[in-house]
Amino acid sequence: MRLSKKIRGIKPSPIRKFFKYTEAAKRAGKKLYFLNIGQPDVKTPAVFMEAIRNDLREIVEYGPSAGSPELIEAVRDYYRRYGMDFSQDEVLITCGGSEALRFVIDCICDDGDEIIVPEPFYTNYGAFVRASGGVIVPLTTRAEEGYRYADRDALERLVTPRTKALLLTNPGNPTGVVLTRDEMERIGAFARENDLFIISDEVYREFVYDNKAMSGFGQIADIADRTVIIDSVSKRFSACGARIGVALSKNKDLMENLLKLAQSRLCAPTLDQVGAAALYRLPPDYFDAVRAEFERRRNAVCEELSKIDGAVFTKPPGAFYIMVKLPVDDAEEFLLWLLENFDDEGESVMFTPAEDFYATEGLGRSEIRIAYVLNERDLRRATELIRLALSAWRGTLADASRRVGTG
Ligand SMILES: Cc1ncc(COP(=O)(O)O)c(C=O)c1O
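Summary of the structure given here. (Residues numbered from 1 in each chain as written. Predicted model: local features only at pLDDT ≥ 70, side-chain atom pairs only at ≥ 80, totals over all residues. Heavy atoms only, no water.)

As for the sheet that holds strand S6 (residues 197-201)
Counted only if it meets this: Between any two strands, at least two bridges found by DSSP are needed for them to pair. Each helix is a run of DSSP H or I of at least 4 residues and each strand a run of E of at least 2, with the numbering of both proceeding from the N terminus. Each axis is a line fitted through C-alpha atoms, taken for helices only over the stretch in contact, and angles between the N-to-C directions span 0 to 180 degrees.
Read across the sheet, seven strands follow the order S2-S8-S7-S6-S5-S3-S4 without closing on themselves; strand pairing throughout is mixed. Each having just a single partner strand, strand S2 (91-94) and strand S4 (135-140) make up the two edges of the open sheet. Neighbour to neighbour, the strand axes of the sheet diverge by 25° on average, direction disregarded. Inspection of the sheet shows S2 paired to strand S8 (residues 245-249) by four bridges, in the antiparallel sense. The residue bridging Leu92 from the neighbouring strand is Ala247, located in S8.

Thoughts on unusual backbone geometry
Peptide bonds are, in most cases, trans, and in most cases residues other than glycine have a negative phi. The line we're drawing: Accessible area is worked out with a 1.4 Å probe on protein chains only. A residue is then buried under 20% of its type maximum, exposed over 50%, and partly exposed in between.
Geometrically, the link from Glu119 to Pro120 is a cis peptide bond, its omega value of 0° lying close to zero. Position of Pro120 relative to the elements: it lies in the loop between strand S3 (114-119) and helix H6 (124-131). Despite not being glycine, Asp195 has its phi angle at roughly 55°, a positive value. Mapped onto the elements of the fold, Asp195 is located in the loop between helix H8 (181-193) and S6. Taking the relative accessible area as the measure of exposure, Asp195 reaches 59% and is therefore exposed. A positive phi angle is found at Ala319, which is not glycine, with a value near 55°.

Quick notes on the packing of helix H4 (residues 69-81) against helix H10 (residues 270-280)
Put simply, the test is: Between 65 and 115 degrees an angle is taken as roughly perpendicular, under 35 as roughly parallel, over 145 as roughly antiparallel, and anywhere else as oblique. Definitions for this section: a left-handed crossing has its near helix turned counterclockwise from the far helix by less than a right angle. A right-handed crossing has that turn clockwise. In this analysis, two residues are considered to be in contact whenever any of their non-hydrogen atoms come within 4.5 Å of each other. Polarity classes work like this: nonpolar for Ala, Val, Leu, Ile, Met, Phe, Trp, Tyr, Cys and Pro, charged for Asp, Glu, Lys and Arg, and polar for all others, with Gly in that last group.
At their nearest, the axes of H4 and H10 sit 8 Å apart, and the two run at 20° to each other. On the basis of the axis angle, H4 is roughly parallel to H10. The crossing of H4 and H10 is left-handed. Within the contact between the two elements, H4 uses Glu70, Leu71, Ala74, Val75, Tyr78 and Arg81 and H10 uses Gln273, Ala276, Ala277 and Tyr280. For the contact of H4 with H10, a count of residues per class yields seven nonpolar, one polar and two charged.

Section: the pairing of S3
Among the six residues that make up S3, six are buried, leaving the element largely enclosed by the rest of the structure. The alternating pattern of S3 places Glu114, Ile116 and Pro118 and Ile115, Val117 and Glu119 on opposite faces, both of which are buried. In terms of strand pairing, S3 meets strand S5 (residues 163-169) through three bridges, oriented parallel. For Ile116, the partnering residue across the bridge sits in S5 and is Leu166.

Some points on the sheet that holds strand S12 (residues 367-371)
The strand order S9-S12-S11 describes an open sheet built from three strands, whose pairing is antiparallel. Of all strands in the sheet, those with a lone pairing partner are strand S9 (321-325) and strand S11 (352-353), marking the two edges.

A short note on the side chain of Ser132
Just so we agree on the cut-off: In protein, a polar contact means a hydrogen-donor-capable atom and an acceptor-capable atom, both N or O and within 3.5 Å, with residues adjacent in sequence counting only if both atoms are side-chain atoms; elsewhere, any N or O pair within 3.5 Å suffices.
Within the secondary structure, Ser132 is located in the loop between H6 and S4. On the basis of relative accessibility, which here comes to 7%, the residue Ser132 falls in the buried class. One polar contact links the side chain of Ser132 to the main-chain amide nitrogen of Gly134, over a distance of 3.3 Å.

Next up, the structure:
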């Protein structure tokens, strides 16, 4: 018996592979600050559970494959706020943004087809594209340039006859980069000239800081037929376990074919859709306090990181992640050493080494991703622990090289 090459080619999630080390650290009595998973600590708005509690149905039946009409209407109203008018059949409700991504990529990719993705990227894109038989073609971005990627020449160099789409996260995970309108138009023109889809993963849409308004690809009219927006309640409403996402597009052919995949899995969770409709109907000012809290956290992390000699980062304009290049050769080795050997007053810290966010072999080895999902005091302490661990690690390396020198 043999499993498929597709599945063998998929790497395990880098976010979860350190589990056994964190468990061992906890067993050793260390208190760990977790900066590794994008699970916000914000309370899920009460309307979610209230709507489910008030639901009077006696049978939790299957719903329509495209999603419940109530949720679709709530999503359409939310999008109208941003000047985007989607008809009912241009909205598909999915089991999380993850399923929306999988379905869209499956609809677009034949074996060997290429999707351009700025790297570092959300690691699950690797799994989705591989599983569809496609190939990720990375557009490499650099810490020193704030990970920006709307570079026409760089994009041109990557296009081949097999290129089908650009897959972008805006605001970015793991970089926090937010595209400007000008950058989006540049990318849109490039997609039009090369006849590509734009898959715009906008699950962090409401997390844009410094009083800047977020604009999305859905607002650019002349690429409407090639744009697919991926949306989700997970981060926006701190409802990661609700497993409700959305794919939106004005491309009728794509939407009709997405529906076939949706029909094959019958429907998204019925009760979660009831709760999600209430979330999408929250007034826009719901986000003010959440956004202000994450902005404070971002500022606190940046302030603490600036105390680390040799750390390279730029203040991210959006999402709740920051990439940092540390003065180490191998961030994974540093993390494993830290989990096993380091604590300060019984406390230690967990972050994500960033190598797996890159498709290009060898890149990102010195980088880490921090998810600033803890309260400000804990975040400051967690970042301080990274700084203290780095000093201790340097001391260990210096001792080792002295021993080699004298031995
Ligand atoms: C960029 C990005 N897209 C999609 C997802 C998937 O979210 P969901 O929980 O909606 O499946 C995540 C989750 O972390 C993400 O970071």
